[in-house]
Every structure is written in structure tokens, then in C-alpha cells.
Amino acid sequence: MPEEDCLFCRIVGRFVPAQIIAENDRFLAFNDINPQAPTHVLIVPKRHVATIAELTSETAPLMGEAVVLANGIARQTGIAEQGYRLVLNCGSGAGQSVFHVHLHLLGGRPMRWPPG
Ligand code: 5GP
Ligand code: ZN
């Protein structure tokens, strides 16, 4: 069920605007409002799950599908060849600030390691 207080549920429900990049029955992908790279897209399952740690064997396959979507967006935006980064932040200590699972797709610039 969508959560009233959840920003990404509100974006999925079109109560909050976003620059939408792709959509299907199960996902919405949109540009990050505060991009950390020339391409920074969030791939968000429409189903509300707060953190990656809460995924179950039933819901975890969603994230495999999110990766496939991210790969397609990377190809479409022309960042695939140079390489791109997929990020899942789990919990506030790891930098999660929106508690509705989402995959970050970052690319279009060189990436360093380790991440901050
Ligand atoms: P997290 O820190 O939880 O891994 O990622 C949340 C992301 O959501 C951040 O990169 C942040 O910039 C982005 N974000 C926060 N509020 C909004 C918003 O209202 N619209 C969009 N498009 N992105 C947002
Ligand atoms: Zn939500």
C-alpha cells in the first residue's frame, strides 16, 4: 500500500512532480532532484518497501528488475559504454534519506572508489 507520508509514494502517485524517465506497471524512474553526476536517475518500485533490509524472497526480485531497467536507461542516455554506477543505500548511516527503496543510476563522469 502507498504510504501517505512517503515522498516516493507521492511521486509514484503523481502528487509530487518529477522528471520521469521511464515507467512500467511496477516501476517509475525519474531524475534525482540533486544530481551527483550528469546522469542521476532513481529507479523506484511502485510498491512501498522502506529499506533494502526489509526485502523478502517475494519482493527481492523487484531489485533484479530494477537493475535491468537501469541498464536500459544507461544505454539510452549514452553512459553505458564509459561505465556507470548503481547504488543502494540502506539505512541512514549509509546515506539513505528517503525510506522507500530505490536504485541510483549514476554516470556521465569518472567514478572514484571508495565512495564517500
Ligand atoms: P537516498 O539518500 O535515500 O539513497 O536517496 C534519495 C535521493 O532522493 C537523493 O539523492 C535525493 O536527492 C533525492 N530526492 C529527495 N527529494 C527528492 C524529490 O522531491 N524529487 C526527486 N526527484 N528526488 C528527490
Ligand atoms: Zn513509499
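Everything that follows concerns the structure shown earlier in this document.
Attention here is on the structure that accompanies the text. (Residues numbered from 1 in each chain as written. Chains lettered and ligands numbered in written order. Predicted model: local features only at pLDDT ≥ 70, side-chain atom pairs only at ≥ 80, totals over all residues. Heavy atoms only, no water.)

Now for the coordination of the zinc ion (ligand 2). For the zinc ion (ligand 2), the full set of protein donor atoms is C6 (SG), C9 (SG), H48 (ND1) and H100 (ND1), at a range of 2.0 to 2.2 Å. Here the zinc ion (ligand 2) is ringed by four donor atoms whose angles at the metal span 104 to 117 degrees, and the overall shape comes out tetrahedral. (Donors = N, O, S within 2.8 Å, 3.2 Å for Na, K, Ca; no water. Tetrahedral: all angles 85-135°; square planar, octahedral: opposite > 155°, others 65-115°.)

Another point: the sheet that holds strand β5 (residues 103-107). Whenever strands of a sheet pair, they do so through backbone hydrogen bonds, lying parallel or antiparallel. The five strands are arranged β1-β2-β3-β5-β4 in an open sheet whose pairing can be described as antiparallel. For this open sheet the edge positions go to β1 (20-23) and β4 (84-87), each flanked by a neighbour on one side alone. Each strand of the sheet is rotated relative to its neighbour by a mean of 20 degrees, with strand direction disregarded. In terms of strand pairing, strand β3 (residues 39-45) meets β5 through five bridges, oriented antiparallel. Counterpart to H40 in the pairing with β5 is L106. (Pairing = 2+ DSSP bridges. Helix = DSSP H or I, 4+ residues; strand = E, 2+ residues; numbered from the N terminus. Axes fitted to C-alpha atoms, helices over the stretch in contact; angles between N-to-C directions.)

For the rest of this paragraph, the subject is the nonpolar core. Grouped together as the largest cluster of nonpolar side chains are 15 residues, with contacts concentrated most on V41, I43, A66, I73, L103 and L105. Sorting the residues of this core by element identifies β2 (27-31), β3, α2 (61-77) and β5 as the ones contributing at least two each. For this core, the element with the most residues is α2, which contributes six residues. Those residues in contact with I43 that lie beyond four places of it in its chain are F27, L28, A29, A66, L69, A70, I73, H102, L103 and L105. Core analysis: the next-biggest nonpolar cluster, separate from the first, contains ten residues, F8, L28, F30 and L42 among them. (Core = buried A, V, L, I, M, F, W, Y, C linked by side-chain atoms within 4.5 Å. Buried < 20%, exposed > 50% of the residue type's maximum accessible area, 1.4 Å probe, protein only. Contact = heavy atoms within 4.5 Å.)

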